[in-house]
Each structure stands twice: as C-alpha cells, then as structure tokens.
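Architecture at a glance
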Amino acid sequence: MTTLKTILLDAINQDLDSNTYDNPILNNADCKNWSDSDKFEWCFDRYMIEVGGYESLEYWFSGLALSGIPFTYYEIGKLGFNTETFFQDLSDELQRITGYSDRKAYNRKLRA
C-alpha cells in the first residue's frame, strides 16, 4: 500500500515542478536541490500563507490545494485508505513530519 508520506511527497513534487512561486517564503527557484524535509516544510508554509489560521490542513487538502492528491472516494478507496478520514490523515501525517501544527503559531523562513 502506498503510504501517506509518499502521496504527499509525490503531490508536492508535482506542484513544485509545474508551478513557480515568487513569494519570498514560497520561492521554489532552487527546489531541485531541496531535501524531502524542505519540501514538506514548504508545503506547510504554503498552507499557512493560503489559509492557515482560518482553516485546517484537512480543509486545505480537501480543496485540492495539491492537485496530485487523490480526491475521489474511488481513488482513495483503491489505495486502501478510509474515505471518511483521508484528508485528516494527510493533515496528521504532514504535521507529524514537520513538527508543526495547524492549531498553533510557527516560525516561517525566507527562501532566497
């Protein structure tokens, strides 16, 4: 079974490869040299800039923030995940990996 971490990393890589972000915090000009940890932190930074403080990570993921994440019940079920908790499970996984929480403040870093 594909892991949540793999699903997240594949979706992040797809987004980084297909989009350019000029925001000082989200700047991805050098993303080919980033570690996996850098990519997960970038994803959390993007969430915080787009909706953090107003909505949960679960909400952000369910709104297709990363287009590479499966979103239909069929796709989610086919991967062996619970269709009712999938987006919350992704949220929990990203928070576990980064050590950040969608419920409290964190320090952003500039990428330049």
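Above this text sits the structure in question.
Overview of the structure. Bear in mind that the values here come from a model prediction, so they are computed numbers and not experimental data.

Now for the nonpolar core. Residues Phe61, Ile69, Phe86 and Leu90 are the most contacted members of the largest nonpolar core, which totals 31 residues. Among the elements of the structure, helix H1 (4–18), helix H2 (36–50), helix H3 (57–62) and helix H5 (86–98) are those that each provide at least two residues to this core. For this core, the leading source of residues is H1, giving seven residues.

Quick look at H5 now. With 13 residues, H5 should reach 18 Å at 1.5 Å per residue; the first-to-last C-alpha distance of 18 Å fits that figure. Within the sequence span of H5, burial applies to Phe86, Phe87, Leu90, Ser91, Glu93, Leu94, Gln95 and Thr98. On its buried side, H5 packs onto H1, H2, H3 and helix H4 (73–78). Phi turns positive, to about 80°, at glycine 99, one or two residues after H5.

This next bit is on the packing of H2 against H5. Running from N to C, H2 and H5 cross one another at 120°; their axes reach a closest spacing of 10 Å. When the axes of H2 and H5 are compared, the pair comes out oblique. Read as a crossing pair, H2 and H5 show a hand that is left-handed. Contacts from Phe40, Glu41, Cys43 and Phe44 in H2 reach Leu94, Gln95, Ile97 and Thr98 in H5.

Its 15 residues place the ends of H2 21 Å apart at the C-alpha level, agreeing with the 21 Å of an ideal helix rising 1.5 Å per residue. Buried residues along H2 sit against H1, H3 and H5.

A word on the environment of tyrosine 54. As for its position among the elements, tyrosine 54 is in the loop between H2 and H3. On the accessibility criterion, tyrosine 54 (74% relative accessible area) is exposed. Distance in space between the C-alpha atoms of tyrosine 54 and aspartate 102 is 9.6 Å, their sequence separation being 48 residues.

In this section: the pattern of salt bridges. Under the definition given, this model contains four salt bridges. Across the salt bridge formed by arginine 46 and aspartate 15, the nearest N and O atoms sit 3.1 Å from each other. Here aspartate 15 lies in helix H1 and arginine 46 lies in helix H2, a separation of 31 residues in the sequence. For arginine 46, a relative accessible area of 7% puts it in the buried group. Residue glutamate 50 pairs with arginine 46 through a salt bridge whose shortest N-O separation is 2.7 Å. One end of the pair is glutamate 50 and the other is arginine 46, both in helix H2 and four residues apart, which spans about a single turn. Each of Asp15, Arg46 and Glu50 takes part in a single network of salt bridges with overlapping partners.

Conventions used here
- For every chain, the first residue of the written sequence is number 1, and numbering continues from 1 along that sequence.
- The predicted nature of this model means local features are confined to residues of pLDDT at least 70 and side-chain atom pairs, given and counted, to a pLDDT of 80 or more, with totals for whole chains, interfaces and linings taken over all residues.
- With hydrogens and water set aside, each side-chain value is computed from the structure's full complement of heavy atoms.
- Each nonpolar core is a collection of buried residues, namely Ala, Val, Leu, Ile, Met, Phe, Trp, Tyr and Cys, held together in the definition by side-chain atoms within 4.5 Å.
- Between buried and exposed lies partly exposed: a residue is buried under 20% and exposed over 50% of the maximum accessible area for its type, with that area taken using a 1.4 Å probe on protein chains only.
- Note on conventions: DSSP H or I runs of at least 4 residues are helices, E runs of at least 2 residues are strands, and numbering of each starts at the N terminus.
- A helix's residues, less one, multiplied by 1.5 Å, set its expected span.
- Whether two residues are in contact is decided by their heavy atoms: any pair within 4.5 Å suffices.
- The axes are straight lines fitted to the C-alpha atoms, using for helices just the contacting stretch, and the angles between their N-to-C directions are given from 0 to 180°.
- Each angle receives one of four descriptions, namely roughly parallel if under 35 degrees, roughly antiparallel if over 145, roughly perpendicular if within 65 to 115, and oblique otherwise.
- Throughout, a crossing is termed right-handed when the near helix is turned clockwise from the far one, and left-handed when it is turned anticlockwise from it by less than a right angle.
- We count a salt bridge whenever a side-chain nitrogen from Lys or Arg sits within 4 Å of a carboxyl oxygen from Asp or Glu.

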